[in-house]
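# Structural description and commentary
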Amino acid sequence: MAYETIKTETRGAVILVTLNRPKALNALNRQLIAELSDALDKYEADPDLRCMIITGSEKAFAAGADIKEMQPYDSVTAYVENLLGEWDRIPRTRKPIIAAVAGYALGGGCELAMMCDFIIAADTAKFGQPEINLGVMPGGGGTQRLTRFVGKSKAMDMCLTGRMMDADEAERSGLVSRVVPADELLGTAFEAADKIADMSLPAVMMTKEAVNRAYETTMAEGILFERRLFHSAFGTEDQSEGMQAFIDKRSANFQNR
Ligand code: HXC
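The sections below set out a description of the structure shown in this document. (Residues numbered from 1 in each chain as written. Predicted model: local features only at pLDDT ≥ 70, side-chain atom pairs only at ≥ 80, totals over all residues. Heavy atoms only, no water.)

In a beta sheet, neighbouring strands are held together by backbone hydrogen bonds and run either parallel or antiparallel to one another. Read across the open sheet, the 4 strands follow the order E4-E6-E8-E9; overall the sheet is mixed. Looking at which strands have only one partner, the edges of the open sheet turn out to be strand E4 (60-62) and strand E9 (164-166). Averaged over all adjacent pairs, the angle separating strand axes in this sheet is 20°, with direction ignored. (Pairing = 2+ DSSP bridges. Helix = DSSP H or I, 4+ residues; strand = E, 2+ residues; numbered from the N terminus. Axes fitted to C-alpha atoms, helices over the stretch in contact; angles between N-to-C directions.)

Burial within strand E5 (residues 97-101) is extensive, with 5 of its 5 residues counted as buried. Burial of E5 is two-sided: the residues Ile97, Ala99 and Val101 facing one way and the residues Ile98 and Ala100 facing the other way are all buried. Summarising the sheet, strand E3 (residues 51-55) and E5 pair through 4 bridges and their orientation is parallel. Residue pairing for E5: Ile53 is matched across the bridge by Ile98. For E5 and strand E7 (residues 118-122), the ladder comprises 4 bridges, and the chain directions are parallel. Bridge pairing in E7 places Ile98 opposite Phe118. (Buried < 20%, exposed > 50% of the residue type's maximum accessible area, 1.4 Å probe, protein only.)

Before going further, it helps to spend a moment on the packing of aromatic side chains. This model, assessed by the stated rule, comprises 1 aromatic pair. A ring pair is formed by Phe230 and Phe234, whose centres lie 5.1 Å apart and whose planes are at 75°; its orientation type is edge-to-face. What makes Phe234 partly exposed here is its relative accessible area of 40%. Lying over the aromatic face of Phe190, Arg11 brings its terminal NZ or CZ to 4.0 Å of the ring centre. Directly above the ring of Phe225 sits Arg213, whose terminal nitrogen or CZ lies 4.7 Å from the centroid. (Phe/Tyr/Trp six-rings, centres within 6.5 Å; stacked < 30°, edge-to-face > 60°. Lys NZ or Arg CZ within 6 Å of the ring centre and 35° of its normal.)

Core analysis: the largest hydrophobic core is formed by 62 residues, its most contacted members being Leu19, Ile54, Phe61, Val101, Ile119, Phe127 and Leu175. For this core, the element with the most residues is helix H8 (residues 185-198), which contributes 7 residues. (Core = buried A, V, L, I, M, F, W, Y, C linked by side-chain atoms within 4.5 Å.)

The angle between the axes and the distance between the axes are what describe a pair of packed helices. Running from amino to carboxyl end, helix H4 (residues 108-115) crosses helix H5 (residues 142-150) at an angle of 60°, the nearest separation of the two axes being 10 Å. Considered as vectors, H4 and H5 are oriented oblique to each other. Here the hand of the crossing between H4 and H5 comes out left-handed. Residues Glu111, Met114 and Met115 of H4 pack against Gly142, Arg145, Leu146 and Phe149 of H5. Counted by class, the contact of H4 with H5 contains 4 nonpolar, 1 polar and 2 charged residues. (Parallel < 35°, antiparallel > 145°, perpendicular 65-115°, else oblique. Left-handed = near helix turned anticlockwise from the far one by under 90°. Contact = heavy atoms within 4.5 Å. Nonpolar A, V, L, I, M, F, W, Y, C, P; charged D, E, K, R; others polar.)

Around the ligand lies a shell of 24 residues, among which Lys59, Ala63, Ala65, Ile67 and Gly108 are the nearest. Lys68 places a side-chain nitrogen or oxygen 3.0 Å from an oxygen atom of the ligand. Protein burial of the ligand: of its 1000 Å² of free accessible surface, 66% is covered by the chains. Considering each element in turn, the shell around the ligand owes the most residues, 3 residues, to helix H2 (residues 67-70). (Near = heavy atom within 4 Å. Polar contact = N/O pair within 3.5 Å; in protein donor to acceptor, adjacent residues only side chain to side chain. Areas by Shrake-Rupley, 256 points an atom, 1.4 Å probe, with all protein chains shown as cover.)

Time to look at helix H9 (residues 201-213). The end-to-end C-alpha distance of H9 is 18 Å, a good match for the 18 Å that 13 residues give at a rise of 1.5 Å each. Along H9, the residues that are buried comprise Leu201, Pro202, Val204, Met206 and Lys208. Summarising the contacts, the buried residues of H9 are in contact with E5, H8, helix H10 (219-233) and helix H11 (237-248). (Expected span 1.5 Å × (residues − 1).)

Further remarks concern unusual backbone geometry. Phi is positive for Leu84, which is not a glycine, with a value near 75°. Mapped onto the fold, Leu84 is located in the loop between helix H3 (75-80) and E5. Exposure remark for Leu84: the relative accessible area of 24% places this residue in the partly exposed category. Not every positive phi belongs to a glycine, and Asn256 is a case in point at roughly 60°. Relative to the helices and strands, Asn256 is located in the segment after H11. Judged by relative accessible area, Asn256 falls into the partly exposed class, the value being 23%.

Next up, the structure:
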């Protein structure tokens, strides 16, 4: 598939996906989500790729789902066609994804960033769920994920008033993992991605699965799930290598097996 609305670039074991609809502030239309899904399929199928970064432009990570594309829908068509159902491919990804966000991350843009495993923000980032201004509400997980990130009070405030949160507030509230100067955004994201890409892939995938489980289950079940995955990590060659490397005072050479 030749991409028109995203660009991809591979550096070592890291694939960078840049959302690329600059005239529409990277509004997320059907084509873009289909291309992103295709890139995710290729990423997951390629054993040489071990971390993905999704980024946008300086001005906008993404200013939301494409309003012009959605405007003509009625509720029956939205339901029958499962409007935005294609987005579910993103959180199904088992390998790690970092969102590197500068500028606007609004509506579906904020939701896309929250579907990634963590968000590194430029000091220019602005997050919001402004769908209320359009006479609708978040539809890509915003009411659920934002609430889990920042708590009920801030999530209600953002979703009901449509106000934006700047990068500092986003970091204070736990929405983003770190804030960096805008010109260091990609460098920082690559540093984190390279670090993850050097780890044991099964350990990375198990960790992602276990952290995500925290949102789906009780504490006791989640801890049991974690313990079972932890036990299964002892079936990997990387566990023997990682622990032996520590004992030998050398760096580990993971085989991802
Ligand atoms: C389609 C969009 C768009 C969007 C911007 N554009 N956001 N087109 N869908 N979400 C287009 C504008 O129409 C304009 O096109 C061009 O991008 C530049 O935008 P401006 O508004 O002129 O830029 P600026 O004045 O700098 O304002 C930036 C902005 C504003 C504050 C981000 O564009 C804005 O409020 N955008 C909408 C944000 C929003 O409501 N997002 C939620 C969408 S609903 P032209 O052709 O005029 O140059 C959603 C549903 C969630 O996301 C469900 C997801 C699963």
